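Structural overview for review
Here's the letter readout for the chains.
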Amino acid sequence: MWLRLSVLSVAWVSTPRALRALDCTGVEEEGVRWDVIRSELRHALREVHHGALARDLHAAKDSKGRDPAVSYGDVQLQRHLERFQKLVLVLPERSRCPLGRHCLRVLVSVLYSGLPWNAWFVRYEEDLLGLVHGTNWTEALAAGWPVFEVMGLVADLYGGEIASLPENCDVESLAQLEPLIGQPEQLTTHAAPLLRHACALARAAASAALTAAGLRSGGNALQLGWAPGLDVGFLAQTQTAVRLVAGRHTGGPKAIFTPPLPQLLLRVEQANQKYHRAWMRQGRVDIVYCGSLPIEANLEELCKGIQGECLIHFQLQETDAGHRAPECFEHYRSVGQALQSLRPMASWTTLLVSSGTWTWTEDLAHDLRRLLHERHQAAREVDWAGLATINSSRIFNWPVRRVTHKYWKLAYEEYATGHETSPFLPLAQFWAVGDTTSGTRVYGTKSFVGLMRRLAEREREYVPSLPGFASAGVTRQSLEAALRSEDEGAEDWLVMLDLLGKEMGLRAYTYLNGASLEQNYQAGARLTPRISRTFHIEAARFLQGPPLEHCLFPEIAAAGSFTHSHGVVVSYCTRKSLWRMFRDVGGWWLQMNPLQHIIVPVSASVLNLYRSGETELFPWDADIDANFIASHPVVIGSLLEEHEERLKRMGYSYILRGDRVVFRTLEDTARMDIWISGPQEVRAYDIRARLCGLRVNFFRDQLMGAVWYYRPGEKIYGHTRGQLLHCQWRQHNACLPDCVRNGLGVGQDGCEFSDRFVHLFT
Ligand SMILES: *[C@@H]1O[C@H](CO)[C@@H](O)[C@H](O)[C@H]1NC(C)=O
Ligand SMILES: *[C@@H]1O[C@H](CO)[C@@H](O)[C@H](O)[C@H]1NC(C)=O
């Protein structure tokens, strides 16, 4: 509805004091998440205004504050309200989101306090006035805060009588505003004079009615991402006038509850929601599929149920069914990139249909339609959503996993009891939450495009930092050349989306009703060079079984210098190859003569005793130093020559440097320095321990000497002049613990990893 109201554009110009900008989205304070509170307030208020609770409230009004939860059967709502009561007690006194605090306190006070107005007002004045004077209504409505519904509750209990208004406010004609909301022409005629009325209440009521009718003063429609379409000018006028009513009338702030003002404000709220819904419906849905099923017509059928635009990005897989299809990877990826150039609105949705879909049925179409609908309903809370899955053996597969991406490793793990529960109470019963969901999934297009952008950033930041990247100018082509490989499948694309989603803090919701008919993409996923280089992952475990590996550092020197310059854990492959070499070559030495040969770790390798347990090395060390000692005479040169073939078969070679032997893998991915000597008194090394699963020996003074020399309680890098561990690449998955805290001392993590995930997969 668009009506030019030239008479109105001159009306009542004023420049109100600027209001504090709303700062609630994504804010968490002392365990209170304001997004969650907003969503629950809306949910509870729906019940309060339209559900069974409305009746109880009126009863409560008569009986002076009967606890509404007592007579209301819905346990969930009851829990809700109980939680509100508890939350009110722990709300931060000074919050970044005062609006949330005010709304919650007012709601709970109205439902439970049972106080007469005067007593109520003394206690809650700050909150009420915060809603009127401290909150920018334009922003609050756009962000979905139910300000007017909360105020409407107060009016419900404390409004009613025409308070002692100044004479000039005794306006009969205000009562006619609400019935005229559906008739713009008449409303305009009726309201225009009221806009200039001397009484602020009349001005407030008139501009509220015009706002609720969706009329335009010629200004802009409300547009803060959610673009519902109320007129910003009228809304601001309404607020200005209401602030005057609250401040100037002799009836005091209670005057704002004079009829019909509260009712008109509720109509504004309803109009806002109506616009919002209409606008959401006008959205656009992009359906993306690549695979071996010829289901283009079925996807078009799916489109028919959708209001607004519906676009299908369909590609039939050319290679044999059941194989990983590079063209599908490319298809999903290029659609993502294309969406990125569109500046999507918050109402847009992208449905990825997994290429692992093995059949199309009416049930599947129905479940997908419902998934789209349910996500749409919860669009503010749910960034992406999927379903449980059934594979072609008709086996039910629960797809929700925890995704851990740390220390060059990636692991998909089952949750101990399936999934997390949504913190949004209205979503708690029919949704499961986790780090990932099915391959067929719905994204808010805006979030999806956010993932694409993050991916591009990641490629530019992470890929060129690795050895082997020709660093002469990072271009799109050079990046793509470093990333491309033959065998990329659509499954890998889904894994990349999982990783990006996790990184951006988006939770995956799984709708518990219905199922996607697809093969498990996690079973088909690989650790491709692209995933490995873009996300700095060297080992991945998607399901059970041995981890998949892809190494990023061809030489130990490069891995070591990466660790020192960025403050990260030594690369997985480097540590693994060092570990294996020590175990193999050390094992070779011990087996040669179990009674007369021992291994004695020296220099920093002694510190493994204190740090790494029996089977690992401490993860910022890319080095092993040890003595191989025999109780009989040893001639190193001839001994090694004699065993050269054997060592080679095990995958190792050596360089002799005087009495020191440098063992290395044939590919030179790892090296270690070993001093071989004999005869020596091996029995003097009478303290035993294990390192990388091998028996090693020490003597007492050696341990004390190492402790005095290294003082290993503090954790420092090797080869630096005593630098304490700290990460210099913020957000890198392999960041070392913080032992420095910008010079302030040991960090929050206590200069230690939070668990043992950093170690090699076993
Ligand atoms: C309220 O917020 C809107 C949108 O951010 C802004 O344009 C307007 O100036 C604000 N109003 C006041 C009075 O601060
Ligand atoms: C279906 O899932 C089960 C259990 O995860 C698995 O053992 C089976 O191989 C799967 N079938 C196919 C065709 O992938």
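Predicted model only: the values in this text are computed from it and were never measured. (Residues numbered from 1 in each chain as written. Chains lettered and ligands numbered in written order. Predicted model: local features only at pLDDT ≥ 70, side-chain atom pairs only at ≥ 80, totals over all residues. Heavy atoms only, no water.)

**Focus on the overall build of the protein chain**
A count of helices and strands for the protein chain gives 26 helices and 21 strands. The dimensions of the protein chain, computed from C-alpha atoms along their principal axes, are 115 × 65 × 55 Å. A sequence separation of at least 24 residues applies to 72% of the contacts in the protein chain between residues at least 6 apart. Approximately 33500 Å² of the protein chain is accessible, and the part contributed by carbon and sulfur atoms is 50%. In the protein chain, 80 side chains carry a positive charge and 83 a negative one; their mean positions are 3 Å apart. (Helix = DSSP H or I, 4+ residues; strand = E, 2+ residues; numbered from the N terminus. Contact = heavy atoms within 4.5 Å. Areas by Shrake-Rupley, 256 points an atom, 1.4 Å probe, with all protein chains shown as cover. Lys, Arg positive; Asp, Glu negative; His and termini not counted. Charge placed at Lys NZ, Arg CZ, Asp CG, Glu CD.)

**A short note on the site of ligand 2**
In the vicinity of ligand 2, the contacting residues are Asn391, Ser392, Ser393, Ile395, Asn397 and Gln519. Within the side chain of Ser393, a nitrogen or oxygen atom sits 2.7 Å from a nitrogen atom of ligand 2. Asn397 places a polar side-chain atom, nitrogen or oxygen, 3.0 Å from an oxygen atom of ligand 2. Burial of ligand 2 by the protein amounts to 45% of the accessible area it has alone, namely 360 Å². In terms of residue class, the shell around ligand 2 is built from 1 nonpolar, 5 polar and no charged. (Near = heavy atom within 4 Å. Polar contact = N/O pair within 3.5 Å; in protein donor to acceptor, adjacent residues only side chain to side chain. Nonpolar A, V, L, I, M, F, W, Y, C, P; charged D, E, K, R; others polar.)

**Quick look at the packing of aromatic side chains**
How two aromatic rings sit relative to each other is set out by the distance from centre to centre and by the angle between their planes. As enumerated under the stated definition, the model contains 28 aromatic pairs in all. Seen in terms of ring centroids, Trp117 and Tyr158 are 5.5 Å apart; in terms of plane orientation they differ by 65°. Their pairing is edge-to-face. Here Trp117, found in helix 7 (residues 117–134), pairs with Tyr158, found in helix 9 (residues 147–158); they are 41 residues apart in sequence, far enough to count as distant. Here the aromatic rings of Phe329 and Trp493 are separated by 5.9 Å at their centres, their planes lie at 90°, and the arrangement is edge-to-face. Placement of Phe329 in helix 15 (residues 326–340) and of Trp493 in helix 19 (residues 490–503) is noted, with a sequence separation of 164 residues between them. Each member of the aromatic cluster is reached from another via a ring pair, and the members are Trp117, Trp120, Phe121, Tyr124, Tyr158 and Phe257. The positively charged end of Arg284 is found above the aromatic ring belonging to Trp348, 4.9 Å away from the centroid. The residue whose ring lies beneath Arg611 is Phe618, and the NZ or CZ to ring-centre distance is 4.8 Å. (Phe/Tyr/Trp six-rings, centres within 6.5 Å; stacked < 30°, edge-to-face > 60°. Lys NZ or Arg CZ within 6 Å of the ring centre and 35° of its normal.)

**What about the pattern of salt bridges?**
Applying the stated criterion across every chain, the model contains 33 salt bridges. A salt bridge links Arg370 to Asp367, with the shortest nitrogen-to-oxygen separation between them at 3.5 Å. Taken as a pair, Arg370 and Asp367 lie in helix 16 (residues 362–377) at a separation of 3 residues, close to a single helical turn. On the basis of relative accessibility, which here comes to 25%, the residue Arg370 falls in the partly exposed class. (Salt bridge = Lys/Arg side-chain N within 4 Å of Asp/Glu carboxyl O. Buried < 20%, exposed > 50% of the residue type's maximum accessible area, 1.4 Å probe, protein only.)

**Things to note about the packing of helix 10 (residues 184–194) against helix 11 (residues 200–212)**
Running from amino to carboxyl end, helix 10 crosses helix 11 at an angle of 150°, the nearest separation of the two axes being 8 Å. Viewed along their axes, helix 10 and helix 11 adopt a mutual orientation that is roughly antiparallel. Crossing handedness for the pair helix 10 and helix 11: left-handed. Side by side, helix 10 and helix 11 meet where Leu187, Thr188, Ala191 and Leu194 of the first sit next to Ala202, Arg203, Ala206, Ala209 and Leu210 of the second. Looking at side-chain class alone, the contact of helix 10 with helix 11 contains 7 nonpolar, 1 polar and 1 charged residues. (Axes fitted to C-alpha atoms, helices over the stretch in contact; angles between N-to-C directions. Parallel < 35°, antiparallel > 145°, perpendicular 65-115°, else oblique. Left-handed = near helix turned anticlockwise from the far one by under 90°.)

**Examining the environment of His536**
Counting through the fold element by element, His536 comes out in the loop between helix 21 (529–535) and strand 13 (539–541). Exposure remark for His536: the relative accessible area of 0% places this residue in the buried category. As for His536 and Leu194, which are separated by 342 residues in sequence, their C-alpha atoms are 66 Å apart. Residues in contact with His536, not counting those within four places in the same chain, are His405, Trp408, Tyr462, Ser465, Leu466, Ile531, Leu552, Phe562, Trp729, His732 and Asn733. Among the polar contacts listed, one links the side chain of His536 to the backbone oxygen of Tyr462, at a separation of 2.9 Å.

**Some words on the side chain of Asp435**
Here Asp435 shows up in the loop between strand 10 (431–434) and strand 11 (441–444). Overall, Asp435 belongs to the buried group, its relative accessible area being 5%. At 2.8 Å, the side chain of Asp435 and the backbone nitrogen of Val403 are in polar contact. Once residues within four sequence positions are removed from consideration, Asp435 is found in contact with Trp384, Arg401, Arg402, Val403, Tyr415, Lys502, Arg507 and Ala508.

**Observations concerning the confidence of the model for the protein chain**
Close inspection of predicted coordinates is inappropriate in any region flagged by low pLDDT. Within the protein chain, residue pLDDT values average 88, and 90% of them lie at 70 or more. Here residues 1–15 is a poorly scored stretch, pLDDT under 50, and it has 29 contacts once near neighbours within four places are set aside; other chains count. Counted against residues more than four places away or in other chains, residues 69–73, with its pLDDT under 50, gives 10 contacts. (pLDDT = per-residue confidence, 0-100.)

**Focus: the state of the cysteines**
Taken as a whole, this structure holds 6 disulfides when the rule is applied. Each sulfur in the disulfide pair Cys290 and Cys328 lies 2.0 Å from the other. Between Cys290 and Cys328 the disulfide shows an S-S torsion of about -70°. By sign, it is left-handed. Remark: Cys328 occurs in helix 15 and Cys290 occurs in strand 3 (residues 284–291); sequence separation between them is 38 residues. In this structure Cys290 comes out as buried when scored by relative accessible area, which is 0%. (Disulfide = S-S within 2.5 Å.)

**Focus on the domain arrangement of the protein chain**
Entries for the protein chain in the domain assignment read domain 1 (20–161), domain 2 (166–281), domain 3 (282–400 + 420–519) and domain 4 (566–758). Counting residues at the interface gives 27 residues for domain 1 and 23 residues for domain 2. Summed over both partners, the interface of domain 1 with domain 2 buries about 2300 Å², with 71% contributed by carbon and sulfur atoms. It is Trp137, Leu141 and Phe148 in domain 1 that bury the most area against domain 2; as a group they hold 25% of the surface buried on that side. Counting across the interface, domain 1 meets domain 2 through 0 salt bridges. Where domain 1 touches domain 2, the interface holds 8 residue pairs in polar contact (both at pLDDT 80 or more). Listing elements by their share of the side of domain 1 that touches domain 2, those giving two or more residues are helix 7, helix 8 (137–142) and helix 9. Of the residues belonging to the side of domain 1 that touches domain 2, the class tally is 17 nonpolar, 7 polar and 3 charged. (Domains from an automatic or database assignment. Buried area = accessible area lost by both parts, 1.4 Å probe.)

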